[in-house]
Structures are given as structure tokens and as C-alpha cells.
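Structural features, examined
For reference, the chains in residue letters:
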Amino acid sequence: MTTENRMHTGRCFCGAVEIAVSGEPAGMGYCHCESCRSWSAGPVNAFTLWPSDAVRITKGADKVGTYRKSENSLRQWCKTCGGHLMTEHPGWNLVDVYAATIPGVPFRPSVHVNYQDTVLPMKDRLPKQRDFPAELGGTGELMRE
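Here is a short report on the structure shown in this document. (Residues numbered from 1 in each chain as written. Predicted model: local features only at pLDDT ≥ 70, side-chain atom pairs only at ≥ 80, totals over all residues. Heavy atoms only, no water.)

1. Focus on the packing of aromatic side chains
- Within the structure shown, the criterion is met by 3 aromatic pairs.
- Here the aromatic rings of Y30 and F107 are separated by 5.5 Å at their centres, their planes lie at 80°, and the arrangement is edge-to-face. Of this pair, Y30 sits in strand 3 (residues 27-31) while F107 sits in the loop between strand 9 (94-98) and strand 10 (111-113), and the two are 77 residues apart along the sequence.
- Given a relative accessible area of 16%, Y30 falls into the buried group.
- On the numbers, 5.1 Å between centres and 70° between planes, the contact of W92 with F132 is edge-to-face. Of this pair, W92 sits in the loop between strand 8 (84-89) and strand 9 while F132 sits in the loop between strand 11 (128-129) and strand 12 (142-143), placing them 40 residues apart in sequence.
- Residue F132 is classed as partly exposed on the basis of its relative accessible area, which comes to 26%.
- The lysine or arginine in question, K128, covers the ring of Y115, its NZ or CZ lying 5.7 Å from the ring centre. (Phe/Tyr/Trp six-rings, centres within 6.5 Å; stacked < 30°, edge-to-face > 60°. Helix = DSSP H or I, 4+ residues; strand = E, 2+ residues; numbered from the N terminus. Buried < 20%, exposed > 50% of the residue type's maximum accessible area, 1.4 Å probe, protein only. Lys NZ or Arg CZ within 6 Å of the ring centre and 35° of its normal.)

In C-alpha cells:
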């Protein structure tokens, strides 16, 4: 199977909603911003970013709720169990499928974003972006561990 054809399935907490991702993620890492922390109810959010056309809801689309906090953040969850699924980022043409939602995808983080907001300092030798990389509209500024 070629990389382009690689398919992984994930689901919400109760299984009412299933999603499929194909190919390879555009990036993986950790987000430390207040929005992701609050949404995930955790001190940090593990993300996998995929091109928008690589993510499909394959079951239970009518059970998906969406909340738009900002122009670049459409958070989606299962209306049956409340399980979080993904966040669409239309301005970047990317979808953040939460790493825990697709356990078959090996999580290989390469960066921390919004590290200026961290409440859980992590010493893992990965780059710590103050906000976002410059190519995604951030400063591109790195911070110390």
C-alpha cells in the first residue's frame, strides 16, 4: 500500500461517529494554548494535522456538533457521547484530528505550539514555538525548554 492510500479509522468515545484519515499527516505535536487546554480538559492537546481533503466522516455525520470559537477554529464532537473528534482550520486548509481519536496512527510529535501559554512544561528536546510557526501566521519564535 502506498503512503497516499494509507487509511486509518478513528471514532468518538461511544463509536456513533467514525472518521477516516488517509495518507500522512502534515504535522504532529502538542498545543499549549488556553483554548485547546480548555476544550480538551487537559494541560496540553496532542494534535495530528491533516490536509482537509484527507479527512472524512464515514459514519454518524448527523451526530457531529460544531462550535466556532474563531474564524480558524471549528471544533467538532459527537452529540451522543460528547467525545471530541477534530478541529477544522479552514484558513490553513488543515484539520486537527486529536491523536487519541485515531489510535492506529503512530504519534510522532515534532513541535510544541503556543508554548508561551504552557501550564505543563515539557522537556523532550522538541522545538517550542512561542505561538505558531511563521508559515501558519505566527512569529516563528522559539522558546527554551
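2. Description of the pairing of strand 1 (residues 7-11)
- Here strand 1 shows one buried face, formed by H8 and G10, and one open face, formed by M7, T9 and R11.
- With 5 bridges connecting them, strand 1 and strand 2 (residues 18-22) associate as antiparallel partners. Pairing of T9 across the sheet is with A20, part of strand 2.
- Count of turn residues in the strand 1/strand 2 antiparallel hairpin: 6 residues, of which G15 carries a positive phi of about 90°. (Pairing = 2+ DSSP bridges.)

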